[in-house]
Amino acid sequence: MVEDDPETHAGDEAGRYAPLEVEGLRKEFGGITAVDDVTFDVEEGTLTGLIGPNGAGKSTTFNLITGMLDPTDGTVRFNGEEITGLQPHEIANRGLARTFQIARELEEMTVLENMMLAPKGQVGESLWRSIMPLTRGSVREQETEQLKRVWEVLDFFEIDHLAQEYAGNLSGGQRKLLEMARALLTDPDVLLLDEPFAGVNPTLEKRLLEHIHELRERGYTFLIVEHDMDLIMNNCERVIVMHQGRILKDGTPAEIKESEEVIEAYLGGEV
Ligand SMILES: Nc1ncnc2c1ncn2[C@@H]1O[C@H](COP(=O)(O)OP(=O)(O)OP(=O)(O)O)[C@@H](O)[C@H]1O
């Protein structure tokens, strides 16, 4: 966890630490402005939802934050330092991780192999360590630590019994658990979840939500792109609505629901 440092970041009015700060972000693809002057921050220990209709710019924003795309303009700061233009692995190593869909090639590998291939976090002081302290021996092999950690994370997400199963045989929900488990291996402070509930049955959806809330209570911070509006409204304390590349509204679920502009311009009066 990072201590609040007033010199390296701007918090909200209440002074809550915001590890992720996005300012004036803009991305043009040829003649299309996919993301247009987007500014927001994500406060520590919160669940923040990023929603918007198809083509609103959510995925592009995620890709700009995580270094998959370079912005045309604007900055991304993480833990007080500018990370704009860094490579995705450099950003992940700093503690800002995102989930990735299991690639086709990885479907032919087992869950355990998928986990072992995930980017390795630094074993040391971390949020995960505070949840699952390891017994520290006199000789510490990094790979042994990594394997232990893999099993801890699999156990936490209750998919350890699937370790030898091919990823391609997993259900939609089990895949999402594996995606999140892989992201957690990098030992992040902040997790960006890309449609974590898509294709997930109600039972696993409940379990996923429980895991997310439990991690949040432990101090992890989440930014979630999700199409299911009710899930975001019922679980996030803060919701950012994008529309046509811009931020239409940023507020609590109650504020979003009451927003005329959101209802008219985006939700078609169905909230
Ligand atoms: N690589 C690209 N080249 C050209 N245009 C792109 C590219 N990526 C995204 N766009 C365009 O940018 C706009 C925003 O797309 P983006 O995928 O970020 O929206 P989204 O909110 O994630 O949509 P969805 O919910 O459908 O995934 C769209 O008009 C899209 O067609």
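All of the points below concern the structure found in this document. (Residues numbered from 1 in each chain as written. Predicted model: local features only at pLDDT ≥ 70, side-chain atom pairs only at ≥ 80, totals over all residues.)

1. A short note on the overall build of the protein chain
The test is simple: Strands here mean DSSP runs of E at least two residues long; helices mean DSSP runs of H or I at least four residues long; both are numbered from the N terminus. Exposure classes come from backbone-placed C-beta atoms, where a residue is buried if 20 or more other C-beta atoms lie within 10 Å of its own, exposed if 12 or fewer do, and partly exposed in between. Distance between backbone-placed C-beta atoms decides contact: two residues are in contact if it is within 7 Å.
When you go through the protein chain residue by residue, the secondary structure sums to eleven helices and ten strands. The burial tally for the protein chain puts 37% of its 271 residues in the buried class. When contacts within the protein chain are restricted to residue pairs at least 6 apart in sequence, long-range pairs at least 24 apart make up 66% of them.

2. Things to note about the site of the ligand
This is how the line gets drawn: Defining nearness, a residue is near a molecule or strand when the C-beta atom obtained from its backbone falls within 6 Å of it.
Residues in contact with the ligand, as listed here, are Phe29, Ile32, Ala34, Gly52, Asn54, Gly55, Ala56, Gly57, Lys58, Ser59 and Thr60. Within the residue set of the shell around the ligand, elements represented by two or more residues are β2 (32–42) and α1 (58–65). If one sorts the elements of the shell around the ligand by residue count, α1 sits on top with three residues.

3. Quick word on α1
Burial runs high along α1: six of the eight residues are buried. Burial in α1 covers these residues: Lys58, Thr60, Thr61, Asn63, Leu64 and Ile65. Positive phi shows up at glycine 67, right after α1, with a value of about 85°.

4. What about the packing of helix α7 (residues 172–184) against helix α8 (residues 202–217)?
Spelled out, the test is: Geometry is summarised by axes, namely lines fitted to C-alpha atoms with helices restricted to the contacting stretch, and by angles between N-to-C directions that run from 0 to 180 degrees. Orientation is classified from the angle alone, with under 35 degrees giving roughly parallel, over 145 giving roughly antiparallel, 65 to 115 giving roughly perpendicular, and any other angle giving oblique. Should the near helix be turned anticlockwise from the far one by less than a right angle, the crossing is termed left-handed; should it be turned clockwise, right-handed. Note on residue classes: Ala, Val, Leu, Ile, Met, Phe, Trp, Tyr, Cys and Pro are nonpolar, Asp, Glu, Lys and Arg are charged, and everything else, Gly too, is polar.
Interaxial distance between α7 and α8 falls to 9 Å at its minimum, and their mutual angle equals 15°. What the angle tells us is that α7 and α8 run roughly parallel. Relative to α8, the crossing made by α7 is left-handed. Contacts between α7 and α8 pair Gly173, Lys176 and Leu177 from the former with Leu204, Glu205 and Leu208 from the latter. Among the residues forming the contact of α7 with α8, the class breakdown is three nonpolar, one polar and two charged.

5. Describing the pairing of strand β3 (residues 47–51)
For clarity, the cut-off: Strands were regarded as paired on the criterion that DSSP finds at least two bridges between them.
Of all the five residues making up β3, five are buried; the element is thus mostly covered by neighbouring parts of the structure. Side-chain alternation along β3 places Leu47, Gly49 and Ile51 on one buried face and Thr48 and Leu50 on a second face that is also buried. When β3 meets strand β9 (residues 238–243), the two strands line up parallel, connected through four bridges. Across the sheet, threonine 48 pairs through a bridge with arginine 238, a residue of β9.

6. Concerning unusual backbone geometry
In this structure, aspartate 37 takes a positive phi of about 55° despite not being glycine. Mapped onto the elements, aspartate 37 comes out in strand β2. With 14 C-beta atoms packed within 10 Å, aspartate 37 lands in the partly exposed category. The backbone of glutamine 244 sits at a positive phi, close to 50°, despite the residue not being glycine. Summarising the element assignment, glutamine 244 is placed in the loop between β9 and β10 (246–251).

7. Side note on the nonpolar core
Definition in use: The nonpolar core is taken to be a set of buried Ala, Val, Leu, Ile, Met, Phe, Trp, Tyr and Cys residues joined by way of C-beta atoms within 7 Å.
Within the largest apolar cluster, 60 residues are counted, with the highest numbers of intra-cluster contacts made by Leu20, Ala181, Leu191, Phe222, Leu223 and Ile224. The biggest single contributor to this core is α7, with six residues. If we ignore the near neighbours within four places in the chain, the residues touching leucine 191 are Ala97, Ala183, Tyr220 and Phe222.

8. Description of the sheet that holds strand β8 (residues 221–225)
Pairing between the strands of a sheet is mediated by backbone hydrogen bonds and can be parallel or antiparallel. The strand order β6-β7-β8-β3-β9-β10 describes an open sheet built from six strands, whose pairing is mixed. The open sheet has two free edges, formed respectively by β6 (96–98) and β10, since each of these has just one partner strand. Averaged over all pairs of adjacent strands, the angle between strand axes in this sheet comes to 20°, irrespective of strand direction. Looking at chain direction, β3 and β8 are connected through four bridges and run parallel. The residue of β8 that forms the bridge with leucine 47 is phenylalanine 222.

9. What about α7?
We apply this condition: Between the first and last residue of a helix there are one fewer steps than residues, each counted as 1.5 Å, and that sum is the expected span.
Taking 1.5 Å of rise per residue, the 13 residues of α7 would be expected to cover 18 Å, and the 19 Å separating its terminal C-alpha atoms lies within 8% of that figure. Buried residues dominate α7, accounting for twelve of its 13 residues. Inspection of α7 places Gly173, Gln174, Arg175, Lys176, Leu177, Leu178, Glu179, Met180, Ala181, Arg182, Ala183 and Leu184 among the buried residues, and these make up the whole buried set.

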